[in-house]
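# Breakdown of the fold
Each chain is listed here by its residues.
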Amino acid sequence: MRPQSERKILLVWRLSRLDEVVARYNTQEQARFQLESMGRDFGGLLEEDRHYKAVLDEAEATLRTLGRVQRLERGFLPNFLFGPDDVVVVVGQDGLVANTLKYLEGQPLVAINPDPGRIEGILLPFRPEELGGIVKATLAAKVKYQAVTMAEAVTSDGQRLLAVNDFFVGVKGHTSARYEIEWNERREYQSSSGIIVSTGLGSSGWMRSVLMGAEGICRAAGMHLPAASLLSHARWDARELYFYVREPFPGRAASVDIIFGRVESGRPLSLFSDMAEKGILFSDGMEDDFVAFSAGLEISIGVAERQGQLVI
């Protein structure tokens, strides 16, 4: 049976937890022994893996009736060249959607929740049984899109990195990050556990977690801090970002006045490294794919011109 279209459909997936455990222990039998000896449920990993692989196979079979299909594992995303007319289908968790969006340049992305019983799926609006209909409508340009604002970091030596959820700037390890921060014409020297810069989409993730932690501390101390309300108006397509300084340390040389704020389009946040080694910048939780932030470098973080297009 010939496909209905010659357009390429990229089916993006990621290794399951079982795949990762087997890769660590070399064989499935050895992985089972190691996990069960620690009291872990290996059967749950097997069932999760079987379910995910079955959904992937069914998705590929469905997509082959609609266009030319290529599977793409997450690890190949940074070096893959997407065509301007490609349609991208992501089957996985929310993080896989975020990690895929930043490598696209306007191509539509259809996000499928392979296991609604296990995965919350904020970025996964469709179930597997809806895949054929929504991709067919996408190919016919009969769908609506949710624009997703991204953040862009540019270093003084010309490196660039995009983030769909958030950036982390700090130290690789558990030592203090030392830098100067410049925001809204204010500048100060800081020592902290690093800085999170979040998009509107990412504000419901890591940024929300740290703010809720701050709220819990204040509540325990008898103070009221409605931290969640600080991000209650954040929209996925808003041309703005938010930053938060983690665990700032007040010292003789370090200040703690610039802690939380909004980064408007055209007015980036600037950071100047004072770290001789291990200073890093990474996006969307991908710590292994980092940019070095060594002493003397400047990073400018602002709203990216490019936006993601999530099919809704």
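Residues numbered from 1 in each chain as written. Predicted model: local features only at pLDDT ≥ 70, side-chain atom pairs only at ≥ 80, totals over all residues. Heavy atoms only, no water.

Along the chain, Val256 falls in the loop between β11 (240–245) and β12 (260–264). Note: C-alpha distance between Val256 and Asp284 (28 residues apart in sequence) is 26 Å. For Val256, the contacting residues outside a window of four places in its chain are Glu188, Pro248, Phe249 and Pro250. (Helix = DSSP H or I, 4+ residues; strand = E, 2+ residues; numbered from the N terminus. Contact = heavy atoms within 4.5 Å.)

The terminal C-alpha atoms of helix α3 (residues 42–64), which comprises 23 residues, lie 33 Å apart, in line with the 33 Å expected from a rise of 1.5 Å per residue. Where α3 is buried, its residues contact β1 (8–13), α1 (17–25), α2 (28–37), β2 (68–73), β3 (87–91) and α5 (131–139). (Expected span 1.5 Å × (residues − 1).)

Turning our eyes to something else, we now look at the packing of α1 against α3. Packed helices, taken two at a time, are described by the angle between their axes plus the distance between the axes. Remark: α1 packs on α3, axes separated minimally by 8 Å, with the N-to-C direction vectors making an angle of 120°. Regarding the angle of α1 to α3, the classification is oblique. Contacts between α1 and α3 pair Arg17, Leu18, Asp19 and Val21 from the former with Phe42, Leu45, Leu46, Glu48, Asp49 and Lys53 from the latter. (Axes fitted to C-alpha atoms, helices over the stretch in contact; angles between N-to-C directions. Parallel < 35°, antiparallel > 145°, perpendicular 65-115°, else oblique.)

Quick look at the pattern of salt bridges now. If charged atoms from side chains of opposite charge come close, those side chains can pair. Counted according to the given criterion, the structure contains 17 salt bridges. One salt bridge in this structure joins Arg187 and Glu180, with 3.2 Å as the shortest N-O distance. For Arg187, a relative accessible area of 44% gives the class partly exposed. Between Glu264 and Arg267 there is a salt bridge; the shortest N-O distance is 3.7 Å. Residue Arg267 is classed as partly exposed on the basis of its relative accessible area of 38%. Residues joined by salt bridges that share partners form a network here, namely Asp57, Glu60, Arg64 and Arg71. (Salt bridge = Lys/Arg side-chain N within 4 Å of Asp/Glu carboxyl O. Buried < 20%, exposed > 50% of the residue type's maximum accessible area, 1.4 Å probe, protein only.)

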